[in-house]
Amino acid sequence: RHLQRHLRQHVQRHWQQRLQRPCCRALGTSSWACLETPNPNVKKFEWHSADPLSPFPEVAGVLSHARGRLLDLEGVRDVFICEGDASMAPWLAVTRTGGQDWEELSKCVHATLESAVPLESVHVNSAVPTGSPVVSQQGDAATQTQADIGDVEADIGEVLMHRIRPSVQADGGDVHLVRWDASIGQVVLELRGACRGCPQSAVTLQETILRALQHFVPEVRSVVTEEEEYDEATADPSADLPWAHNGEPAQQEIRDMAATGTPFFSTFAGVRLEGAKLRRVRFMSRLQLAGRSPGHIFVSCQDCKAKRTIEDPKDLLRVDKGNFTRNAAVAICPTCCVLISD
């Protein structure tokens, strides 16, 4: 009974959402609605039909052609496509270059989509496939045949597909399973669409994705994103940073740094470490901001399982507050610290 009630509620919500979608073509406007995302540099453009009860169109191949034309637009840096199936509206996420005005860029994107995806070129899905959900052309590797991967990785893929990706895709993003490292219990993900460079991505990663995976797959100990080369011209310098602390023995170096003026702080209220408390710190990892100015750094220790948040790390490096070393260390537990530098 509980399952039947849950399914009825799910179906009701689904059709209520479709009935509430604006009928853009009927109002004489674009078939593509421009939606906000948590990432200020990304907009989600979703197909809207004049008839809210009609199936969504099949635009496989058409959007791939449109992507090339969109990338030719001045001010467009990246385009991520999620084509969906009969129960999901096709959509794409457009990433702008830094400083580009969204009002003008959105008009250009709309015009390009309308010309590249005319109504007569699309085909309507007539039925919802049974079995596994249909994923985008750039779908998650977790939906591939599971014969060659372990049971834990298969479970991770299932959680990503059914518990995480729907909510992430609703905000114009997506996640892709890169690999599962069973030796340390680490899941490595690739962020796509609006998730890339989003100021909220670190929160989503640690507070939403990690908790969901650990609830359904107890073997998971940590979640990190695949490291990408930092491009100062295009990346969001204010995006929050996840940091997997892997402390190395550095007791003498820590003492030398403290003696030459490097400040050591506790994560609790920014209190400075001195005396006996400072002498207990023996392990250190190094984080270079490289021009970034994140609002938060989310630190997780693989050994002691400590999870700490460092707020406004750039403030710890300010010369006008007496820090002339361009370094600052923050203790995340009695024996470990993270050295932050510009």
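Residues numbered from 1 in each chain as written. Predicted model: local features only at pLDDT ≥ 70, side-chain atom pairs only at ≥ 80, totals over all residues. Heavy atoms only, no water.

A. Here's a closer look at the sheet that holds strand S14 (residues 296–301). Across the sheet, 3 strands lie side by side as S10-S14-S15; this open sheet has mixed pairing. Of all the strands in the sheet, just strand S10 (241–245) and strand S15 (307–311) have a single pairing partner and so form its edges. Averaged over all neighbouring strand pairs, the angle between strand axes comes to 25°, with direction disregarded. The sheet contact formed by S14 and S15 spans 5 bridges and is antiparallel. Looking at the pairing, Val299 lines up with Arg308 of S15. Where helix H5 (residues 201–216) meets the sheet, its contacts fall on S10, S14 and S15, and the angle it forms with S10 comes to roughly 65°. (Pairing = 2+ DSSP bridges. Helix = DSSP H or I, 4+ residues; strand = E, 2+ residues; numbered from the N terminus. Axes fitted to C-alpha atoms, helices over the stretch in contact; angles between N-to-C directions. Contact = heavy atoms within 4.5 Å.)

B. Representation of the nonpolar core. Residues Ile156, Ile164, Val187, Leu213, Val220 and Val223 are the most contacted members of the largest nonpolar core, which totals 20 residues. Going through the elements one at a time, helix H4 (151–170), strand S7 (173–181), strand S8 (186–193) and H5 are the ones with two or more residues in this core. If we skip the residues at most four places from it in the chain, Val187 touches Ile156, Leu177, Arg179, Trp180, Leu213, Val220, Ser222, Val223 and Val224. Within the second largest apolar cluster, 18 residues are counted, among which are Leu241, Phe265, Leu317 and Ile340. (Core = buried A, V, L, I, M, F, W, Y, C linked by side-chain atoms within 4.5 Å. Buried < 20%, exposed > 50% of the residue type's maximum accessible area, 1.4 Å probe, protein only.)

C. Structural view of the packing of aromatic side chains. Evaluated as defined, the whole model comprises 2 aromatic pairs. Between Trp32 and Trp47, the aromatic rings sit 5.3 Å apart at their centres with planes inclined by 90°, giving edge-to-face as the arrangement. Pair noted here: Trp32 is in strand S1 (residues 32–36) and Trp47 is in strand S2 (residues 42–47), with a separation of 15 residues, a long-range link. Here Trp32 matches Trp47 in class, with each residue buried. Arranged with centres 5.8 Å apart and planes meeting at 55°, the rings of Phe80 and Trp91 form a pair that is tilted. One end of the pair, Phe80, is in strand S4 (residues 76–82); the other, Trp91, is in strand S5 (residues 91–96), and 11 residues separate them in sequence. The exposure class assigned to Trp91 is buried, which follows from its relative accessible area of 1%. (Phe/Tyr/Trp six-rings, centres within 6.5 Å; stacked < 30°, edge-to-face > 60°.)

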